[in-house]
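Now for the letters of each chain:
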Amino acid sequence: MKYRNVIVLNDGNECLLRNAEASDAQAVYDIFCLTHEQTEHLLTYPDENSFDLAQERQFLIEQEESNSAVELCAFVNGQLAGTAGIEPVGTMDKVKHRADLGISVDRAYWRKGIGRALTDACIQCAKQAGYAQIELNVVSTNTGAIALYRSAGSAGYGRNPRGFRTRDGRWQELVLMRLELAP
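These numbers come from a predicted model, not from an experiment.

Caption draft 1: Spatial organisation of the pairing of strand β2 (residues 14-19). Judged from the five bridges that link them, strand β1 (residues 4-8) and β2 form a sheet pairing that is antiparallel. Paired with Ile 7 across the two strands is Cys 15, which belongs to β2. Counted between consecutive antiparallel strands, the loop separating β1 from β2 contains five residues, among which Gly 12 sits at a positive phi close to 90°. In terms of strand pairing, β2 meets strand β3 (residues 70-76) through five bridges, oriented antiparallel.

So this is what it looks like as structure tokens:
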């Protein structure tokens, strides 16, 4: 699935949103490590990246060629500022209508509109792919992300009080959210 758009951010800078390409593998790998170091609101720690550079490159090729998944990059002044993507929950008939959304933005670019732009782009791609709903889990203390997803039309449908367990033993509650795209 192909996507490309240029938007103007809250600070007046332009942001290019486009499919991640194989040539972006190093930058995508690096921003994964950076963003996962900057916050405990994401699923993994930086050292839990299961891809090496070659696997990252192959993943990006597969995502770019997919009709049911997409990995998007947000570039500001040529710098990768964030990534987002959708993937099918599964391929079985009972779940193939559902897509998972994942998003991360470099802290230096928070509150500029990149998260919203990536979210909107993923919604557009999910509609194009024919999904009936997008799902995501958000750490309950990540109030900015919850507000963003609600403003995009997502609704909470449950909570998991022991959704994440940090390395220091704390529990993080997850808010389960869903955006219905079609009946």
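Caption draft 2: Spatial organisation of the sheet that holds β2. Ordered in space as β1-β2-β3-β4-β5-β6-β8-β7, the eight strands form an open sheet in which the pairing is mixed. The open sheet has two edge strands, β1 and β7 (155-165), and neither has a second partner. Going across the sheet, the axis of each strand differs from the next one's by a mean of 25°, ignoring polarity. Strands β3, β4 (79-88) and β5 (98-105) of the sheet are contacted by helix α1 (residues 25-38), whose axis makes an angle of about 90° with β4. On the sheet, helix α2 (residues 53-65) packs against β2, β3 and β4 and is oriented at approximately 105° with respect to β3.

Caption draft 3: Summary view of the environment of Arg 4. Summarising the element assignment, Arg 4 is placed in strand β1. With a relative accessible area of 61%, Arg 4 lands in the exposed category. Through-space distance from the C-alpha of Arg 4 to that of Ser 68 is 17 Å; in sequence the pair is 64 residues apart. Residues contacting Arg 4, with those up to four places away along its chain left out, are Leu 16, Leu 17 and Arg 18.

Rules and cut-offs
Residues numbered from 1 in each chain as written. Predicted model: local features only at pLDDT ≥ 70, side-chain atom pairs only at ≥ 80, totals over all residues. Heavy atoms only, no water. Pairing = 2+ DSSP bridges. Helix = DSSP H or I, 4+ residues; strand = E, 2+ residues; numbered from the N terminus. Axes fitted to C-alpha atoms, helices over the stretch in contact; angles between N-to-C directions. Contact = heavy atoms within 4.5 Å. Buried < 20%, exposed > 50% of the residue type's maximum accessible area, 1.4 Å probe, protein only.

Read these as layout, nothing more, since geometry by itself doesn't imply function.
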